[in-house]
Protein chains: 4
Amino acid sequence: MRKPQILVIGYGEAHCPPEAYKTARVVGAEVARQGAVLVTGGLGGVMRAASEGARNEGGLVVGIVPQSEKEYANPFCDVVIATGIGHARDFITAYSADAVIVVGGGVGTMVEASAAYLQRIPIVSIRGSGGTADKIADSYLDDRRLVKVEGETSPVKAVERAIRSSSLSPRV
Amino acid sequence: MRKPQILVIGYGEAHCPPEAYKTARVVGAEVARQGAVLVTGGLGGVMRAASEGARNEGGLVVGIVPQSEKEYANPFCDVVIATGIGHARDFITAYSADAVIVVGGGVGTMVEASAAYLQRIPIVSIRGSGGTADKIADSYLDDRRLVKVEGETSPVKAVERAIRSSSLSPRV
Amino acid sequence: MRKPQILVIGYGEAHCPPEAYKTARVVGAEVARQGAVLVTGGLGGVMRAASEGARNEGGLVVGIVPQSEKEYANPFCDVVIATGIGHARDFITAYSADAVIVVGGGVGTMVEASAAYLQRIPIVSIRGSGGTADKIADSYLDDRRLVKVEGETSPVKAVERAIRSSSLSPRV
Amino acid sequence: MRKPQILVIGYGEAHCPPEAYKTARVVGAEVARQGAVLVTGGLGGVMRAASEGARNEGGLVVGIVPQSEKEYANPFCDVVIATGIGHARDFITAYSADAVIVVGGGVGTMVEASAAYLQRIPIVSIRGSGGTADKIADSYLDDRRLVKVEGETSPVKAVERAIRSSSLSPRV
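Since we're looking at a predicted model, the values are computed, not measured.

## Brief notes about the overall build of chain A
Stage number 1. Within chain A, the regular secondary structure consists of six helices and seven strands.
Stage number 2. For chain A, the α and β elements follow one another from N to C terminus as β-α-β-α-β-β-α-β-α-β-α-β-α.
Stage number 3. At 14 Å, chain A has a C-alpha radius of gyration in line with the 16 Å of a compact globule built from 172 residues.
Stage number 4. For the C-alpha atoms alone, the extent of chain A along its principal axes is close to 40 × 35 × 30 Å.
Stage number 5. A burial count over chain A gives 69% of its 172 residues as buried.
Stage number 6. Relative to all contacts within chain A whose residues are 6 or more apart in sequence, the contacts with residues 24 or more apart total 63%.
Stage number 7. Total accessible area on chain A is roughly 5900 Å²; 48% of this is exposed by carbon and sulfur atoms.

Below, the structure is given as structure tokens:
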């Protein structure tokens, strides 16, 4: 039985406020502490912060980068998936998630959340982290109401909720 | 010199109100009349309506379907691109557009509009057509303000605006 | 009823001998004369040669490029599909073909032929054009014998055979 | 510093002879014993055999499936990447490899080997394992001679060679 794979998405490197970086690091650390595998898009900003947090707690970190070269991944990834398909890799990160946690983010984050939503993968949004996270917390992404984006203020509770809502229980 | 490629996106088959279908057909017809190539996701709903409209006016219709089989395309496509990459084809439709026109739509439409936005491709939204189109008309999709989604009420003007804002002039 | 889409594949720009370029131009011209749509990978070498040939005969030319920017396409494309997925677009060119014609080529050409073979799309190889074309002419690509690669020496006959073997008849 | 990622490719479920299955299981076990991460396409046949072998030795197993649902992966995967892009995922498995080992295989295996070759990723082929592996052992895949496919008869030596030729040293 594999462990739940928790995808953390949000602000990219160029637009990541220090506060969101800190939050993402706590989220990543919690993913590791609660016995799940961390999955991210493998680059900077929130992706790097979460990876750093999980790595520091001894967790397993998977980075799925848009490029065809593994070298683009941040240094906290234990496993690097090099897709070579550019932004379209946002669908792969989403499909590979048992649940998603959103920390801030712009339109790319919205794409990943939308991909998860279309696949009915549970999404938890960190309230107060800005951008996409605040925009979609406690709402449905369209009229089909496929899955509700749950809002949480505490990173610890967000990770608990993500793991609980994934169809897999952790192996601790 | 090739003609401008105008992408029309919006409600899929299962969720397309009759009013949006009519609007999309008029948009497609206008794309053909104004000498541009129509590009769509190749399936039903707004994609089919726009294709039907353009075909009736003797325009060139390109359908880019998610499946690996061309047979999934609606019967109004002159050229069918079978991608086999599922929803990720939304990035291909967006990248293949010189400009985009939005007619209603759900979260999949938001993904395509976001992909175009990230690439700085001009987007025109039909006001009053519902869903995503109304949600994003006259706004920026995130704080980076990469490109403004222009709102238009008239399909004719929307097509004029889309062609004008594309970096290519039509060959009529 | 749409016209058959004939995909021409082979040597890329950096490795295309003048003889293969000439052959590909004749093949492209024949595709247009025989009333089919030409599809290529949209770049240089055999892709450009075939596009030039078809364009000169007034045919419709579709280029499907690996990049996310349409500007990479050769100037003979009437329709440009920008995929942004790199080499993986070889599957899209293959899936979009009603039949494939091979002119020389290296390992990338083998990938495209293999993708067509896996989908049971008819393949015709120009004998004497070198590389992959000569390697696979008159053979099966693996033990499953899904579809035989037909060898032809004459470009005219190769195009006739490709169109005949596609499940669509041309609209002339 | 992450561990080397060794991709094992070959016969799919429907065409995998018992002998190749056994060989692949030994290869997978060796990948784990020698301290590397096993990467496969996540499905049956050689992919499953290698995963089973690595899992039994306590190694880390990553499966990259063509579907958008993680449930298609074989039960020996610790991490599942669901791509949703069909056969085009062969490029992702290749790009994610620090080195590749080939056990038999048909045309799909040739595509993966070709993708690795184009990216100059080291390839080791198990001599005597049949199909693609025997076809490409000790040869270059095209005239550009980008990287030579090394042939090895012993699975243990094949894994040693793969790890040594990857640019990363194992963390044992």
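## A short note on the interface of chain A and chain D
Stage number 1. Listed by partner, the interface residues are 24 residues for chain A and 25 residues for chain D.
Stage number 2. Carbon and sulfur atoms supply 53% of the area buried between chain A and chain D, which totals about 2100 Å² over both sides.
Stage number 3. The largest per-residue losses of area from chain A upon contact with chain D belong to Arg2(A), Lys70(A) and Tyr95(A), which jointly make up 25% of the total buried on that side.
Stage number 4. At the boundary of chain A and chain D, one finds one salt bridge.
Stage number 5. Note that Lys70(D) is salt-bridged to Asp98(A), the shortest N-O span being 4.0 Å.
Stage number 6. Looking at the side of chain A that touches chain D, the elements that each hand over two or more residues are strand S3 (61-65), strand S4 (79-82) and helix H3 (89-95) of chain A.
Stage number 7. Ranked by residues supplied to the side of chain A that touches chain D, first place goes to S4(A) with four residues.

## As for the confidence of the model for chain A
Fine structural detail should not be taken from predicted coordinates in areas where pLDDT scores are low.
Stage number 1. Residues of chain A with pLDDT of at least 70 account for 97%, and the chain-wide mean is 96.
Stage number 2. Interface predicted TM-score (ipTM) for the complex: 0.96; the corresponding pTM is 0.96.

## Regarding unusual backbone geometry
Peptide bonds are trans in most cases, and residues, glycine excluded, mostly fall at negative phi.
Stage number 1. Of note in the backbone geometry, Arg145(B) takes a positive phi value of approximately 50° without being a glycine.
Stage number 2. Given the relative accessible area of 55%, Arg145(B) is considered exposed.
Stage number 3. Of note in the backbone geometry, Asp138(C) takes a positive phi value of approximately 60° without being a glycine.
Stage number 4. Note that Asp138(C) resides in the loop between helix H5 (131-136) and strand S7 (149-152).

## Quick look at the relation of the copies chain A and chain D
Stage number 1. If you rotate chain A by 180° and push it 0.0 Å along the axis, it lands on chain D with an RMSD of 0.0 Å. Such values leave the two copies arranged in the relation of a two-fold axis. Looking at the rotation axis and the C-alpha trace of chain A, the residue lying nearest is Ile81(A), at 4.3 Å.
Stage number 2. An overlap of 100% is found between the interface residues of chain A and their copies at the interface of chain D, pointing to a shared contact surface.

## Observations regarding the packing of aromatic side chains
Stage number 1. This structure, assessed with the given rule, holds six aromatic pairs over all chains.
Stage number 2. Taken together, a centroid distance of 6.0 Å and an interplanar angle of 55° make the contact between Phe91(A) and Tyr95(A) tilted. Taken together, the residues span about one helical turn, with Phe91(A) and Tyr95(A) both in helix H3 at a distance of four residues. Exposure class is identical for Phe91(A) and Tyr95(A). Each is buried.
Stage number 3. Three or more aromatic residues joined by ring pairs make a cluster, and in this case those are Phe91(A), Tyr95(A), Phe91(B) and Tyr95(B).

## What about the side chain of Asp142(A)?
Stage number 1. Looking at where Asp142(A) falls in the secondary structure, it is placed in the loop between helix H5 (131-136) and strand S7 (149-152).
Stage number 2. On the basis of relative accessible area, Asp142(A) is assigned to the buried category, the value being 11%.
Stage number 3. At a separation of 2.6 Å, a polar atom in the side chain of Asp142(A) contacts the side chain of Tyr117(A).
Stage number 4. A distance of 2.9 Å separates a polar atom in the side chain of Asp142(A) from the backbone nitrogen of Val107(B).
Stage number 5. The contact partners of Asp142(A), leaving out residues within four places of it in the chain, are Tyr117(A), Gly106(B) and Val107(B).

## Details of the packing of helix H1 (residues 18-33) of chain B against helix H2 (residues 46-56) of chain B
All names here are of chain B.
Stage number 1. Between H1 and H2, the least distance of the axes is 6 Å, while the angle of their chain directions is 40°. The pairing of H1 with H2 is recorded here as oblique in orientation. Between H1 and H2 lies a crossing whose hand is right-handed. Residue-level contacts link Ala20, Tyr21, Ala24, Arg25, Gly28, Ala29 and Ala32 of H1 to Val46, Arg48, Ala49, Ala50, Glu52, Gly53 and Ala54 of H2.

## What about the sheet that holds strand S6 (residues 123-126) of chain C?
All names here are of chain C.
Stage number 1. Taking strand neighbours across the sheet as the criterion, the seven strands line up as S4-S3-S2-S1-S5-S6-S7 in an open arrangement whose pairing is parallel. Bordering the open sheet on either side are strand S4 (79-82) and S7, each of which pairs with just one other strand. Strand-to-strand twist across the sheet, computed as the mean angle between neighbouring axes with direction ignored, equals 25°.
Stage number 2. Strand direction decides the pairing type here: strand S1 (residues 5-10) and strand S2 (residues 37-40), joined by three bridges, are parallel. Paired with Ile6 across the bridge in S2 is Leu38.
Stage number 3. Relative to the sheet, helix H1 (residues 18-33) contacts S1, S2, strand S5 (99-103) and S6, its axis offset from that of S5 by approximately 155°.

Thresholds, definitions, all that
The residue numbers shown here count from 1 along each chain, following its written sequence. Chains and ligands are labelled sequentially in the order written, the chains with letters from A and the ligands with numbers from 1. Residues qualify for local features only when their pLDDT is at least 70, as the model is predicted, and side-chain atom pairs are given and counted only at 80 or more; totals for whole chains, interfaces and linings, by contrast, use all residues. Remark: hydrogens and water are excluded; side-chain values derive from all non-hydrogen atoms of the structure. Numbered from the N terminus, helices here are DSSP runs of H or I no shorter than four residues, and strands are runs of E no shorter than two. As defined in this context, the radius of gyration uses C-alpha atoms, and a globule is described by 2.2 Å times the residue total to the power 0.38. Summary of the burial criterion: residues with accessible area below 20% of their type's maximum are buried, those above 50% are exposed, and those between are partly exposed, where the area comes from a 1.4 Å probe applied to protein chains only. By definition in these notes, contact holds between two residues if any of their heavy atoms fall within 4.5 Å. Working definition of accessibility: Shrake-Rupley area with a 1.4 Å probe, residue cover restricted to the visible protein chains. A simple way to read buried area is as the amount of 1.4 Å-probe accessible surface that goes missing from two parts once joined, with both sides added. The salt bridge definition used is simple: a Lys or Arg side-chain nitrogen within 4 Å of an Asp or Glu carboxyl oxygen. For every residue, the predictor reports its confidence as pLDDT, a number between 0 and 100. In this comparison the copies share one frame, found by least squares on the C-alpha atoms of residues holding pLDDT of at least 70 in both. Aromatic rings from Phe, Tyr and Trp, taking only the six-membered ring of Trp, are treated as a pair when their centres fall within 6.5 Å; an angle between ring planes under 30 degrees marks them as stacked, one over 60 as edge-to-face, and anything in between as tilted. As used in this structure description, the phrase polar contact means that two N or O atoms lie within 3.5 Å; if the pair is within protein, one of them must be able to donate a hydrogen and the other to accept it, and residues adjacent in sequence are counted only when both atoms belong to side chains. Fitted lines through C-alpha atoms give the axes, limited to the stretch in contact for helices. The angle between two N-to-C directions lies from 0 to 180 degrees. We call two directions roughly parallel when the angle between them is under 35 degrees, roughly antiparallel when it is over 145, roughly perpendicular when it lies between 65 and 115, and oblique otherwise. Should the near helix be turned anticlockwise from the far one by less than a right angle, the crossing is termed left-handed; should it be turned clockwise, right-handed. DSSP-based pairing: two strands are paired if at least 2 bridges between them are found.

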